[in-house]
Amino acid sequence: MSVTYPELSLHIGGKRLKGSGARIDVIDPATEKVIGQVSGASAADLDRALAAAEKGFGLWRAVAVHQRCAILRRAAALLRERVESLAAVLVLEQGKSLSEARGEINASAEVFEWFAEEGRRAYGRIIPDRTSTGRMLVVREPVGPVAAFTPWNFPALTPARKIAGALAAGCSIIIKPSEETPATCLALIEACVEAGVPEGAVNMVLGEPATVSAHLIPSQVIRKISFTGSTLGGRAVAALAARAPKRATLELGGHAPVIVCADVDVEAVARLSAKRKFRNAGQVCVSPTRFYVHADIIEPFAAEFARTAKEITLGHGLESGTVMGPLANARRLSAITELVADAQAKGARLLCGGKAVDGPGYFYPPTVLSHVPECAAIMTQEPFGPVAPITPFTDLDEVIVRANALEVGLSAFGFSRDAATVNKLGSALEAGMVGINRFEISQAETPFGGIKESGDGREGGIEGLEAYLTTKTISQA
Ligand code: NAD
């Protein structure tokens, strides 16, 4: 399948703009070839984006809510119309399989549709006044221009949550997507503008992440920050936001435990786990990453897991038959190589995979490690790659303590057929999202986010709109 990678640019004030900052190369992770180039934003370009977002906020908040919602629905329709071409571009810059990329574009359209509807429900209230004639009104208003930062693993869905949420509330937004996957976000911005979002209400910049965030966040124009990415990046952004202070939604990494009890259908759960584990080559913040399997079933579970893993076809995401693409960048390849070597050195058994595929491309095969000791780095460090560490347990209370021991808490999973155990897992697992007997934990209607060092605030669901609204009390005599 031949696909042309689009021309890149910044997008400021309703128009494409050639940046005057440093040049950025975009690489196809399956070939390591440069497929696109773009100049990042200079300080002057960032100031232009701030001025545009300020003006765009005034224009957009003045548009009647039902009209704003119609525009967002139109943007969703454009994404659905363009699913094939957008998915192909997403694959080129990020590496995932075409069918996963299609799913991501459709999910992004759904996020726009959800927020288009939810924006109509930014209800206020009237509180009885202490006088017989006065009125106390509580109204919800857009918080103001937003600065958003998104990573490379979901180049459409993560920007969609932030752009649609902000716009539905009546905010304007400047988004800095990952420099590794800029074309997909640019296409979302263009769909919004084509659908009728006014000049300056949606803007996209690129550049050195720390420099861009240090410029945008302290600006008086920006009233709200939304960041998805690593805990390290999140800390830097949160520190800048706290200095103002400004509201910040942080969606950071996780390290999801999966507790598999002895009473499950072992083969079915093992197959389900393997399929979910290797989605997007494991580069998913809610990916299941630590498998605690009851000692009575660990051998058949691990064997079936490895059998399923070996059946996964690795290849360029655009090739028909590819189930799993390469890792998105060279950093992940070296990180995964080190984590697997460390686990093996500490006594883990390698059941399949375990060695990077000879280049070109950042390919690493689905890898299953069994009997991984708790001292292995992979048990505490988020792998963000196609490696499944499996380890035994015998006592449910004790394994819940192990599952909750890390400082992160984004997602967690439990499998059992026993009602009391199911209830216990749902209540006791410390995470923002818990999946019981399934891995699906997120849809446009549900809040997405973590606890502890996995971040603060929620995207999606009614909470996702709330994040962009502020409350005003109007006291009328
Ligand atoms: P990284 O910290 O270099 O970058 C992650 C993302 O954060 C990038 O998009 C980057 O542009 C942004 N970023 C980093 N510092 C920033 C700053 N000061 N201001 C603004 N943006 C900033 O990490 P990486 O090498 O790309 O990935 C490493 C780890 O990050 C992964 O192992 C994973 O744990 C985590 N990660 C999490 C998510 C998620 O969805 N929560 C996504 C990607 C990566």
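Above this text you will find the structure in question.
Everything numeric in this text was worked out from a predicted model, so none of it was measured.

Chemist: A description of the packing of aromatic side chains should follow, citing residues and the corresponding values.
Modeler: By the definition in use, this model includes seven aromatic pairs. Residues F278 and F305 carry aromatic rings whose centres are separated by 6.2 Å and whose planes lie at 85° to one another, so their mutual orientation is edge-to-face. Highlighted residues: F278 in the loop between α9 (266-277) and β13 (288-294) and F305 in helix α10 (residues 298-310), separated in sequence by 27 residues. Across the pair, F305 and F278 agree in class, each one buried. Summarising the aromatic geometry, the rings of F301 and F305 are spaced 5.8 Å apart at their centres and angled 55° between planes, so their arrangement reads as tilted. Of this pair, F301 and F305 both sit in helix α10, separated by four residues, roughly a single helical turn. Among the aromatic residues, ring-to-ring pairing joins F278, F291, F301 and F305 into one connected group. Over the ring of W60 we find R68, and its NZ or CZ is 6.0 Å from the ring centre. Over the aromatic face of Y468 sits the side chain of K224, whose NZ or CZ is 5.4 Å from the ring centroid.

Chemist: Tell me about the sheet that holds strand β22 (residues 469-476), and please be specific about residues and values.
Modeler: With respect to topology, three strands assemble into an open sheet ordered β5-β6-β22, the strand pairing being antiparallel. Strands with a single pairing partner mark the edges of an open sheet, and in this sheet they are β5 (125-127) and β22. Strand-to-strand twist of the sheet, defined as the mean angle between neighbouring strand axes without regard to direction, takes the value 25°.

Chemist: If you had to explain the site of the ligand to someone new, which residues and values would you point to?
Modeler: Around the ligand sit 25 residues in total, of which W152, S213, S230, R331 and E382 are the nearest. For the ligand, a nitrogen atom lies 2.8 Å from a polar atom in the side chain of S213. S230 has a polar side-chain atom sitting 2.5 Å from an oxygen atom of the ligand. Coverage of the ligand by the protein amounts to 83% of the 800 Å² it exposes when considered alone. At the level of secondary structure, the elements contributing two or more residues to the shell around the ligand comprise α7 (209-216), β10 (224-228), α8 (231-243) and α11 (330-345). Here the shell around the ligand is built from residues that sort into 11 nonpolar, nine polar and five charged.

Chemist: Run through the sheet that holds strand β19 (residues 433-436), naming residues and quoting values.
Modeler: Spatially, seven strands are ordered β14-β15-β16-β13-β12-β18-β19 in an open sheet, and the strand pairing comes out mixed. For this open sheet the edge positions go to β14 (349-352) and β19, each flanked by a neighbour on one side alone. Taken pair by pair, the neighbouring strands of this sheet meet at an average axis angle of 20°, ignoring direction. Here strand β12 (residues 256-260) runs beside β13; their pairing, made up of five bridges, is parallel. Its bridge partner being in β13, I259 is matched across the sheet by Y292. Against the sheet, α9 makes contact with β12, β13, β16 (387-393) and β18 (411-415), and its axis sits at roughly 165° relative to β13, the strand it touches most.

Chemist: Describe in detail helix α2 (residues 65-81), supporting the description with residues and values.
Modeler: For α2, which comprises 17 residues, the first-to-last C-alpha distance of 24 Å matches the rise-based estimate of 24 Å (1.5 Å per residue) to within 8%. Residues of α2 that are buried: R68, C69, I71, L72, A75, A76, L78 and L79. Its buried side turned inward, α2 meets α1 (43-61), α3 (83-94), α4 (98-118), α5 (157-169) and α6 (182-195).

The rules we used
- Residues numbered from 1 in each chain as written.
- Predicted model: local features only at pLDDT ≥ 70, side-chain atom pairs only at ≥ 80, totals over all residues.
- Heavy atoms only, no water.
- Phe/Tyr/Trp six-rings, centres within 6.5 Å; stacked < 30°, edge-to-face > 60°.
- Helix = DSSP H or I, 4+ residues; strand = E, 2+ residues; numbered from the N terminus.
- Buried < 20%, exposed > 50% of the residue type's maximum accessible area, 1.4 Å probe, protein only.
- Lys NZ or Arg CZ within 6 Å of the ring centre and 35° of its normal.
- Pairing = 2+ DSSP bridges.
- Axes fitted to C-alpha atoms, helices over the stretch in contact; angles between N-to-C directions.
- Near = heavy atom within 4 Å.
- Polar contact = N/O pair within 3.5 Å; in protein donor to acceptor, adjacent residues only side chain to side chain.
- Areas by Shrake-Rupley, 256 points an atom, 1.4 Å probe, with all protein chains shown as cover.
- Nonpolar A, V, L, I, M, F, W, Y, C, P; charged D, E, K, R; others polar.
- Contact = heavy atoms within 4.5 Å.
- Expected span 1.5 Å × (residues − 1).

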